[in-house]
Amino acid sequence: MRLGSPRAIVLTAVLILWAALPVWAADTSIVVLAPTATDDRLEPSRQAVAFWNDRLDELGVDAELTEPVVVVDSPVARELENYARQVATRAVGLPGGAFEPAPPAALTDLDGDIIVLLSRQDIMSFTWPMPRVSPPRYFVVVRAVRGPYRNDAMVSRHVVAHELGHALGLDHNAEPHTLMCGPCQPLTAVPDATGFLPLTDGDRARLRGLHGRQASSR
Ligand SMILES: [Zn+2]
């Protein structure tokens, strides 16, 4: 086939699309950086990881989050806090792309697929894909909550679970009472039997599509 024929162009486009689809590692490792060993977001973070492993198990996909490695008072925390503030003050809704500046080595040198910073700052919680990295790696920032919700483990574990949902490939949905809501109505949302806000059928289908694929290709 002559290169440049319409058919060749279509095939090329399909190949590029295929190459662009992220492929997750079956075991996704997590490092949690905490300001102190008694941080009240640590146990909720573990609960959020357990929640996701239960859901992934139910879905029958070959993916698992490993037991989080907790690093207390890390020497790189200050640099990560600075980077977190930079990202949070830019357009957080925009995905990282080809023009995204490289994250600091202090972040990328950490040995984990998902780096969770339990921040000292009262900034927006977010999940940020590290640019040009395959398999995907994510920087998850969990805000220091001040005000009436401070120390509320229920809020913390939902924030962490929601952000880990993004790191597993989920987007927001329009249902305001679900885990991956955006926008949300948290005051009237009710957890289901899992103790967490529910996933939608769309969330489950996407998780199967993203994480079930590698199981069949191995
Ligand atoms: Zn979100």
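Placed above this text is the structure.
Procedures and definitions
Residues numbered from 1 in each chain as written. Predicted model: local features only at pLDDT ≥ 70, side-chain atom pairs only at ≥ 80, totals over all residues. Helix = DSSP H or I, 4+ residues; strand = E, 2+ residues; numbered from the N terminus. Buried ≥ 20, exposed ≤ 12 C-beta atoms within 10 Å, placed from the backbone. Core = buried A, V, L, I, M, F, W, Y, C linked by C-beta atoms within 7 Å. Pairing = 2+ DSSP bridges. Axes fitted to C-alpha atoms, helices over the stretch in contact; angles between N-to-C directions. Contact = placed C-beta atoms within 7 Å. Expected span 1.5 Å × (residues − 1). Arc of directions from axis to C-beta.

Caption draft 1: Local environment of the overall build of the chain. A tally of regular secondary structure across the chain gives six helices and seven strands. Buried positions account for 30% of the 218 residues belonging to the chain.

Caption draft 2: Just the nonpolar core, in detail. Membership of the largest hydrophobic core comes to 42 residues, with the highest contact counts inside it found for W52, V116, L117 and V140. Contributing elements (two or more residues each) for this core: β2 (30–34), α2 (42–59), α3 (77–89), β5 (114–118), β7 (138–142) and α5 (153–167).

Caption draft 3: Highlighting the sheet that holds β5. An order of β4-β2-β5-β7-β6 is seen for the five strands of this open sheet, with the pairing classed as mixed. Only two strands of the sheet have a single neighbouring strand rather than two, namely β4 (69–72) and β6 (126–129). The sheet shows a mean angle of 20° between the axes of neighbouring strands, taken without regard to direction. The pairing of β6 with β7 spans four bridges and is antiparallel. Along β7, the bridge assignment pairs W128 with F139. Contacts between α3 and the sheet are confined to β2, β5, β6 and β7, with β6 contributing the most and set at about 95° to the helix.

Caption draft 4: Expanded view of α3. The first and last C-alpha atoms of α3 sit 18 Å apart over 13 residues, in line with the 18 Å expected at 1.5 Å per residue. All buried positions along α3 are accounted for by A77, L80, Y83 and A84. Across the axial projection of α3, the buried residues extend over an arc of 120°, all falling on one side. Across α3 from its buried face, at more than 90 degrees, point the exposed residues R78, Q86 and T89. Of the surrounding secondary structure, the elements contacted by the buried residues of α3 are β2, α4 (105–108), β5 and β7.

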